[in-house]
Structure formats: C-alpha cells, structure tokens
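# Structural overview
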Amino acid sequence: MHVKPKKKIIENGHGGDELGLATAIVNGEDLGPIVRHAFQVGKPEILLYQLKNVAKKKELEIEELCKRHYEDFIRAVDELRGVLVDADELKNGLMKENFRLQEASTSLLMQLEELLDSHSTKTNVAMAIEMSKFCLEVVQLCSKCNNDILKDRLYPALKTLDLIEKDYLLKIPVKCLSRVIENQIPVIKSHIEKKVINDFNDWLVVIRSTAKEVGQQATRHTLNLDLQLTAAQSFLESHQTFFTQIAGFFIIEDRVLRTAGSLLSANQLGTMWDTTISKVSSILREQFSHIDSADNLLLIKDNVALLISTLKRYGYPVSSLLELLGTSRDKYHELLLKECRKQIDEVLARDTYEQMVMKKEYEYTMNVLAFNLQTSNIMPAFPYVAPFSAAVPDCCRVVRSFIEGSVSYSSYGGHVDFYDVVKKYLDKLLINVLNEALLRMISTCTSTVSQAMQIAANLIGLEHACDLFLKQAAQLCGLPVRVAERPHASLSARAVLKTSQDAAYDALLKLVNSKVDEFMCLADNINWTADEVQQNEYMNEVVIYLDTLLSTAQQILPMEALYKVGSGALKHISDTIVAAFLSDNVKRFNLNAVMSIDNDLKILESFADERFESSGLCEINIEGSLRDCLIEVRQLVNLLLSSQPENFMNPVIRERNYSSLDHKKVGIICEKFRDSPDRLFGSLSSRASKQDTRKKSMEVLRKRLKDLS
C-alpha cells in the first residue's frame, strides 16, 4: 500500500518528483523506499537526475544567502578588529596603572616593615621592664633578708626566705638569678639554724645560773596576781590584757612547779588556780550582764576560749570556764535576736513590695541562687522579674549572718556537737522574729491588694529558703549536708511560715472582697421590681477586676494559692448576692430581677470556666472548679426560675439540684418573690399561664417551708 503512491510520484512529471524528493529531504524522511522503488522499476537515472537538481537548487540558495549577509559579515569583522584595538589600549593602560601602583606601594611596604619592627621592639622593651620589676622585687627581698640576719632578726629573715621560695623562686624570669637564689636559700637557712642553736645554748647556760633567783621571785609574787580591773578603761577595752596576765602568770607558775624543786607545791598551785578561776568567773558574770552588743560578747567569748585553750595545754582544769560560756550562750543569742529583729524591721520598712527586677547575671546569682530561690535550674533571660520583692534576699542575708554568729559562739572549747543548738536558735529567729515581723506587716501595714499579694509571695520564698538555711548551718558546724536532708530534720519554722501564708491569703482576700463590694453594691445596681430584664454593667467591671487580679497572682503565687484567691473572691460574690436577697433593704423582687441576676451569673460563670482552663488550674489536683464556688447562688437562681419550685421539697430532687441551699434562707427569699412585674394590665398570652403555674407552685413551696420552720 505504501509502495504504490511512491511509484506514482516517480512516474509523474519531473517537477512534481523533484518537489516531493526535496520536501522529503528537508523533512528528514527516510529515502530508502524511494531509492528501492527506483531500482525496482529500472529507472535509477531519473532519481539521480532529481537528486542533482535538488543539490543545485540548494547550492543556489546558499549562494543567495551568502550574498545577502556578506555586508553584515564584513561589518562584524571590522567591529571585531576595532574591539581588538580597544583591548590593546586597555591592556596598555592597565599595565601603566599597575606600574604606578607598585611604585606607590613600595614606600608603604617599607613603612609597614618599620612599623612592625617598632612594635616588636616596644613589646620586647615592655617585657624587659616587667622582668626587671619582678627581679627588683626579688633582689629587694634578698636585701631585706640579709639586713635582718645582720641585725639578728632571724624570724623575719626566715619568713622572707619562705616568701621568696614559695611565691617568687619559680617565677624569676632570669635563669642565672634564679639559680643563684635557689643555691643560697639552703645555705642561709643552715646559717640561721646554727645561730639559733648557739643562742639557745647560751640562754640555757644563763637560765641555769639564775634559776634559783627566778623561782624565788615567782614564789614571792604568788597570791599577788592583780585581778582588779582598772577604772580608766572599760572591760571591753582591757579584757585582752586581763586574760593575758592570767595566762602568763600561770604559765610561769607551771614552769616554777616543774623546775624549782620544792619552791612551789602542786597543792599551792591548785589553790591559786581555784581562787583565780572563782574570781574570774564572778567578774565575767558581772560584765556579761552589762553587755548589750552581740559582737562585743562574741569578742570577749573568743578571748575567754583562747585563755581556756592555752591553759588547758598546761594541765589546768577549765570546766568551770566552759560552763560559764555555756550559760552565757542564751544571753548572746538574745542580743543577736534583738539585733536581727531590728535589721529585719528595717528591711521590711524600706521594702517597696514590688517584684524584684534583676538586669545582670551577677544580680541573679547574688539574690536568687545564693539563697536557693530559683524556680528553675536554667539561667533565665535578663532582665529577670522575680516573684518576690527585695525584702526576701535581704532577710535571707540577715538569717545567714545570724547562723554564722550562732556557730561562731557555739564552737568553743573543742565542742563539735552543737548543730542541734544552732538549729534551735535558728528556729527561734525564723519563728519569733522573722515570722512575727511579717505577721505584724500583714495585720497593721497591709493596705492594698498588691502589697498583700507580694507579702504572700515573699512568705513562699522564705519558706523555700529554710532548707538552705539548714544546710548552711550543717556546713558551718562541720557536718555533711545529708544531715540536714534527713527525714524529720527540717526546721519547725518552715511549717510556721507555711501557716502564715494563710494569714496573708486571708488579708489578701479581705482586701479583694472589699474591692469587689465597691463594684457590686447590689442594692443600688439592681432594680428589684423592674418591668423588664436589665443589663447590669457592674458585673462587667467585676469580671475585668478579677481578670487583672488573677493574672497578677498567677505571676507570683503558686497554683494552690491562685485557686484560693480566685475561689475566695467568687465565693464572696455568691454569698453577697444571696445576702442581697435576704437583706431587709430588699422588701420584694420579681422575675425580671432574678433573670437579670441570672445573666450576670452566666457572665461570671463563663469567666470562671475560661480562667480555670487557661491558668492551668484544671491540671492540678483540687476538689472543684472555680464555677463550683458560685454553686449556692446558681442553685438559688435556678430554683427561682424553675417552673416547679415546689420540687425543692422533694428529697431526691433537692439533693441533686439544690444541695447547697438552706431551707430557712429559701423560705425568707420566697416570701419576697413576686412572679410578675407591677403592671395595671396582665398579659393574656401563654406566658401568663406559665406564670400562673409558677405562682401556684411557689405558693405551695412557701406554705411547706412555713410548716417546716
């Protein structure tokens, strides 16, 4: 079928065949069938002739094309030659600019090399100056040591040698100087040692020759120790001299007892000691009674403890002095508590009761981490707003200072088991001083909601810090921290501070409820006998206030406290509305007033549900929702709107729908309820029939409640 048309094309005129062949060649078609057909019919010459004609036509077309574009080609060649000339000129210009740039940079490179050399020289000179200063210090110390040796001040010379050896020798930058000093130190020490030994031997020779005279002088002055205090100085100024005289006297007497033979007996020395200790104890009791500063008492106690430690090494009994310090411990802590009470009162008085803002990490470390007040172990972004005010870290510093003072006073005479004593006084500070000061602030100085809320947040922070206080006390007493972490080892003050939080919440709720009462004023805001249902604007103001209150409380109070504040405010609103129904100022009310209050309750219930979810209160384990705090007034309104209020007397229905209502209150309220507004003409609609049914049911309820009462 395909061969016959090809054959037909070949047998037609030459013009048609050439046109078809040319078209096939242009279209890139396969010429195989055409060639095969030409040979089959025995006319390949015709095909060859046609191919030559096609080739000639194409050559003519090519010639025409070349002629047509010849001028464009010549013009392009000329332009290309012009571009080559411009390129040569540009190349020459670049070479000239490069040469000028190299000439200019050569001088700059030379200046740069000079600058680098100067900088290197400056650095070397600075290093040399520093090395010279250090070496000069070492040489000056060596010179001081030589002068001390020449003047027989051997102890300062040894201290200087130790200083050179420990702090300077390994840091000397000049090796030759370091080597010389290192070699001379043992030589100088050996020289000092020999000199000390020789001087001591000479002293022994002298003391042996005068031992008898020393013993006689000591015996002659026995029972003549002056224990009278000078009137020219206070005991605080003279007690150190007083104690050193006692120590020196009995050290000498002990030496006389051991070396002077029969000059002094042990019984005589014991009698002197007992008499002296009795006199000293009497003086200390008298002086302790007049001291009014904890720091002064601590200073005297430290010197008494030093006297005890010194004479104990010589075998003197010191139990009576230790007992005296034990009895003065209460006196010291009374003074310390008094001073801490003053400091804490000053801290609370100057506090602004606003959340503390820390702008830098060191402020966070100093005020939060130092007292374990952080809510997370992750370093927060700055500025950081803490839930507590500045009074909390300031009070913690006072407590830390108290712990340090208590430990310092209790650690005397080698006592190691005084942790329980420090813990007892720490509890006194936290309960009798800090907690009482905060309770006074709550009861007398709390005037605003924000202040009461901040005091509650501060109490939470101080309660958390109790664990750190206990750990600090254990560490300062030399005990492992795990002692403070044992079960039942916590401070009693923690539970007391926890209880005081309830007082803060009560004060907060009292202020909140007072503010809510200002918004509500139900007797003025509600038309109890309105002709139609009204929109009460006061409830919107109440909701806005509660939203602001709970948003602020959520930032600084824990979830349990947030629930306590929110539920307390809503319960107060519920009680206020119920009280309004019971008030003598409300003589009667109608259905429109009840429906108006029902609308108000719906707004409040919607807010309570939204806040209960958005604040996360729904995720903690609490008994009920915020809506449940409105249950009494909701059940009362539902009863008054019910089409069959007499069902209140049905025990099953009452338990299910009205369990929060008191039948006496319901009886009083129902007596005031009039089911239709005051109009001259009643409605004839179906509503009137419903109202009649409600009226009849309400009358039945009134009668049954009267019978019940």
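Check the entry above for the structure.
Residues numbered from 1 in each chain as written. Predicted model: local features only at pLDDT ≥ 70, side-chain atom pairs only at ≥ 80, totals over all residues. Heavy atoms only, no water.

### Structural notes on the overall build of the protein chain
What counts is decided by this rule: The secondary structure listing takes helices from DSSP runs of H or I that are at least 4 residues long and strands from runs of E that are at least 2 residues long, numbered from the N terminus. Relative accessibility thresholds used throughout: buried, under 20% of the residue-type maximum; exposed, over 50%; partly exposed, between the two (1.4 Å probe, protein chains only). Throughout, a contact is declared for two residues whenever any of their heavy atoms are within 4.5 Å. The method behind every accessible area is Shrake-Rupley, applied with a 1.4 Å probe, and residues are considered shielded solely by the protein chains displayed.
Helix and strand counts for the protein chain come out as 24 helices and 4 strands. Scored against the burial criterion, the 709 residues of the protein chain give a buried share of 38%. Here the analysis covers contacts within the protein chain between residues at least 6 apart in sequence; of these, 76% occur between residues at least 24 apart. Carbon and sulfur atoms make up 55% of the accessible area of the protein chain, which totals about 42200 Å².

### Considering the environment of Glu537
Checked against the element boundaries, Glu537 lands in the loop between helix H17 (522–525) and helix H18 (538–556). Sequence separation of Glu537 and Asn525 is 12 residues, and the distance between their C-alpha atoms is 8.3 Å.

### What about the environment of Ser490?
Take Ser490: it is sitting in the loop between helix H15 (449–476) and helix H16 (492–520). For the pair Ser490 and Asp427, spaced 63 residues apart in sequence, the C-alpha to C-alpha distance is 10.0 Å.

### Brief notes about the pattern of salt bridges
Worth spelling out the cut-off: Each salt bridge in this description consists of a side-chain nitrogen of Lys or Arg and a carboxyl oxygen of Asp or Glu lying within 4 Å of one another.
Inspection of every chain in the model, using the stated rule, returns 25 salt bridges. Among the ionic pairs, Arg494 bridges to Glu463, the shortest N-O distance being 3.4 Å. Linking Arg494 in helix H16 with Glu463 in helix H15, this pair joins segments that are 31 residues apart in sequence. Asp598 is paired through a salt bridge with Lys602; the nearest N and O atoms lie 3.4 Å apart. Of this pair, Asp598 and Lys602 both sit in helix H20 (residues 591–614), separated by 4 residues, roughly a single helical turn. Residue Asp598 is classed as buried on the basis of its relative accessible area, which comes to 8%. Linked by salt bridges that have partners in common, Asp598, Lys602, Glu605, Asp609, Arg627 and Arg634 make up one network.

### Re the state of the cysteines
In plain terms, the rule: In this description, the term disulfide denotes a pair of cysteine sulfurs within 2.5 Å.
A full pass over the atoms with the stated rule returns 0 disulfides. Free cysteine Cys135: the closest other cysteine sulfur is in Cys176, separated by 8.4 Å.

### Details of the packing of helix H19 (residues 559–582) against H20
Under the convention used in this document: Only the stretch in contact is used when a helix axis is fitted, and all axes are lines through C-alpha atoms; the angle between N-to-C directions ranges over 0 to 180 degrees. Roughly parallel covers angles under 35 degrees, roughly antiparallel covers those over 145, roughly perpendicular covers 65 to 115, and oblique covers all other angles. All residues other than Ala, Val, Leu, Ile, Met, Phe, Trp, Tyr, Cys, Pro, Asp, Glu, Lys and Arg, Gly among them, are scored as polar; the first ten of these are nonpolar and the last four charged.
The N-to-C vectors of H19 and H20 enclose an angle of 175°; their axes lie 12 Å apart at closest approach. As judged from the angle between their axes, H19 and H20 are roughly antiparallel. Contacts between H19 and H20 involve Leu570, Ile573, Ile577 and Phe581 from the former and Val594, Ile597, Leu604 and Ala608 from the latter. Across the contact of H19 with H20, the residue classes tally to 8 nonpolar, no polar and no charged.

### As for H18
The condition that has to hold: Helix span, expected: 1.5 Å multiplied by one less than the number of residues in the helix. To be clear, the arc concerns the directions from the helix axis to the C-beta atoms.
With 19 residues, H18 extends 28 Å between its outermost C-alpha atoms, agreeing within 8% with the 27 Å of an ideal straight helix rising 1.5 Å per residue. Along H18, the residues classified as buried are Tyr538, Met539, Val542, Val543, Tyr545, Leu546, Leu549, Leu550, Ala553 and Ile556. Angular distribution of buried residues about the axis of H18 spans 165°; they occupy a single face of the element. Among the exposed residues of H18, those oriented more than 90 degrees off its buried face are Ile544 and Gln555.

### Structural notes on helix H21 (residues 631–641)
Counted residue by residue, H21 has 8 buried out of 11 residues, so it is predominantly covered. Considered for burial, the residues of H21 that qualify are Glu632, Val633, Arg634, Gln635, Leu636, Val637, Leu639 and Leu640.

### A few points about the side chain of Asn590
How we decide: Polar contact is defined as a pair of N or O atoms within 3.5 Å, subject to the rule that within protein one atom must be able to donate a hydrogen and the other to accept it, and that residues adjacent in sequence are counted only when both atoms are side-chain atoms.
Turning to its location among the elements, Asn590 is positioned in strand S3 (residues 589–590). Reaching out from Asn590, the side chain makes a polar contact with the backbone nitrogen of Asn592 at a distance of 3.2 Å.

### What to know about the packing of helix H13 (residues 391–410) against helix H14 (residues 419–445)
Under the convention used in this document: Crossing handedness: left-handed means the near helix sits turned counterclockwise from the far one by under a right angle, and right-handed means the same turn made clockwise.
Two elements in contact, H13 and H14, have axes whose closest approach is 10 Å; the angle formed by their N-to-C orientations is 145°. Handedness of the crossing formed by H13 with H14: right-handed. For the pair formed by H13 and H14, the contact residues are Cys395, Val399, Phe402, Ile403, Ser406, Val407 and Ser410 on the first element and Val421, Val422, Tyr425, Leu426, Leu429, Leu430 and Leu434 on the second.

### Topic: unusual backbone geometry
That bond from Phe382 to Pro383 is cis: its omega, 5°, falls within 30 degrees of zero. If you trace the backbone, Pro383 turns up in the loop between helix H12 (361–367) and strand S2 (384–385).

### Quick notes on the packing of aromatic side chains
The condition is simple: Put simply, two rings from Phe, Tyr or Trp (the six-membered ring, in Trp's case) pair if the centres are within 6.5 Å, and we call them stacked under 30 degrees between planes, edge-to-face over 60, tilted for the rest.
By the definition in use, this model includes 17 aromatic pairs. Seen from their ring centres, Tyr332 and Tyr409 are 4.4 Å apart, and the 10° between their planes marks the pair as stacked. Of the two residues, Tyr332 is situated in helix H11 (residues 329–350) and Tyr409 in helix H13; the sequence distance between them amounts to 77 residues. Of the residues examined, Tyr409 reaches a relative accessible area of 0% and is grouped as buried. With 6.0 Å between their ring centres and 80° between their planes, Tyr364 and Phe382 make a pair best called edge-to-face. Of the two residues, Tyr364 sits in helix H12 while Phe382 sits in the loop between H12 and S2, which places them 18 residues apart along the sequence.

### Remarks on the nonpolar core
Worth spelling out the cut-off: Side-chain atoms within 4.5 Å link the members of a nonpolar core, which is a set of buried Ala, Val, Leu, Ile, Met, Phe, Trp, Tyr and Cys residues.
Counting residues in each nonpolar core, the largest one holds 161 residues, and the members touching the most others are Leu284, Leu546, Leu557, Phe581 and Phe589. In terms of residue count, the dominant contributor to this core is H15 (16 residues). Setting aside residues no more than four positions away along its own chain, Leu557 makes contact with Met453, Ala456, Ala457, Ile460, Tyr505 and Val565.

Keep in mind these values describe shape, not function.
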